[in-house]
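Now for the letters of each chain:
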Amino acid sequence: MSDKSKAEEQQKQEIEVESAEDQVLDAAEQVEVANEDFEPELDSESLQQEVTALRAEVQLEREKALRVAAEAENVRRRAAQEVEKARNFALEKFAGELLAVIDNLERALQTIDREDSAQANLAEGIDMTHKGFIQTIEKFGLEVVNPEGQPFNPQQHEAMGMQENADLPPNTVMHVMQKGYLLNGRLLRPAMVMVSRAAS
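What comes next concerns the included structure. Just so it is clear, the structure is predicted and the values come from calculations on it, not from any experiment.

Rules and cut-offs
Residues numbered from 1 in each chain as written. Predicted model: local features only at pLDDT ≥ 70, side-chain atom pairs only at ≥ 80, totals over all residues. Heavy atoms only, no water. Helix = DSSP H or I, 4+ residues; strand = E, 2+ residues; numbered from the N terminus. Buried < 20%, exposed > 50% of the residue type's maximum accessible area, 1.4 Å probe, protein only. Polar contact = N/O pair within 3.5 Å; in protein donor to acceptor, adjacent residues only side chain to side chain. Contact = heavy atoms within 4.5 Å. Salt bridge = Lys/Arg side-chain N within 4 Å of Asp/Glu carboxyl O. Core = buried A, V, L, I, M, F, W, Y, C linked by side-chain atoms within 4.5 Å. Pairing = 2+ DSSP bridges. Axes fitted to C-alpha atoms, helices over the stretch in contact; angles between N-to-C directions.

## Overview of the side chain of S196
- Examined against the element boundaries, S196 turns out to sit in strand β6 (residues 191-197).
- S196 sits in the buried class, given a relative accessible area of 0%.
- Of the polar contacts made by the side chain of S196, one reaches the backbone oxygen of P169; its length is 2.7 Å.
- Setting aside anything within four residues of it in sequence, one finds S196 in contact with M162, Q163, N165, L168, P169, P170, N171, T172 and M174.

## Looking at the pattern of salt bridges
- With the rule as written, the count across this model stands at eight salt bridges.
- Taking the shortest distance from any N to any O, the salt bridge between R77 and E73 comes out at 3.6 Å. Of this pair, R77 and E73 both sit in helix α2 (residues 44-89), four residues apart, roughly one helical turn.
- The partner of E92 in a salt bridge is R186, with the nearest N and O atoms 2.7 Å apart. Pair noted here: E92 is in helix α3 (residues 92-111) and R186 is in strand β5 (residues 186-189), with a separation of 94 residues, a long-range link.
- On the basis of relative accessible area, E92 is assigned to the partly exposed category, the value being 26%.
- Take R186: its relative accessible area is 37%, and that puts it in the partly exposed class.
- Each of E73, R76 and R77 takes part in one network of salt bridges that share partners.

## Notes on the nonpolar core
- If you look at the biggest cluster of nonpolar residues, it comprises 11 residues: F89, A95, L98, L99, I102, I134, I137, L142, Y181, L183 and L188.
- Elements with a minimum of two residues in this core: α3, α4 (117-138) and β4 (180-183).
- When residues of this core are assigned to their parent elements, the largest contribution, four residues, is made by α3.
- Once residues within four sequence positions are removed from consideration, I102 is found in contact with H130, F133, I134, I137 and Y181.
- In this structure, V145, V173, V176 and L182 belong to the second largest nonpolar core, which totals seven residues.

## Digging into the sheet that holds β4
- Here we have three strands laid out as an open sheet, ordered β1-β4-β5, and antiparallel in their pairing. Whereas interior strands pair on both sides, the edge strands pair on one side only; in this sheet they are β1 (142-145) and β5. Each adjacent strand pair in this sheet contributes to an overall mean axis angle of 35°, direction not counted.

## Points about the pairing of β5
- In this structure, β4 lies alongside β5, joined through three bridges in antiparallel fashion. Note that in β5 the partner of L182 across the bridge is L187.
- The antiparallel hairpin formed by β4 and β5 contains two residues in its connecting segment, where N184 sits at a positive phi of about 50°.

In C-alpha cells:
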C-alpha cells in the first residue's frame, strides 16, 4: 500500500473515530437531559402529604382573602360614617351663631307689653318671625331643649342654681333661663336652668 493510500486510510479512520466520539457525547447528553426530566413515581403516602400541604395552603389563602374583604368592608363603613357625620355636623358652627338671633327674638317677645295695641301688632310680627325661624332650623336637624318641669339632666342642662320648692320633686327644672339646642341629636348648647331641691 502506498504512502498516499495509508494517509487516506488513516484520515478516514480518524474521521470515523471523531464521528463515533460525537455520537457518544450526544448520547450522554440525551441521557443527562432525560435524567433531569425524570421524576421518580411518588408513593401514595407522599402524594397524600402533598395534597394535605396544598389544601393547607389553599385554606391559608382563602383566610387571607376573607381578611382583606373584611378590612375593605370596615374601611368602607368607616368612610360612610365619616361622611354621614360630616354632613350632619357641617352646620354646627353656623347653627351655633344663629342661636343668638333666636335668643334676641325671644327676649324681644318677653319685653313687649301685649296690652298695648301698638306693641301687640309688633309682638305678633316678631312671634311669626320667631316661629318661622324655628321651623326652618328644625328642617336641618336643630331641636329646642326646653326642659321646664322635667327632671334635671346634666348631659343636656346646665344648673345655674338651686331653690327650695315643696311643690316639685327634688332635681326638677323649675325655670329655664336660656333654652338649649341639639343638632342631629348632639348637644349644641345646654339649657341654663334653675333646679328645685327639697325644702329643709
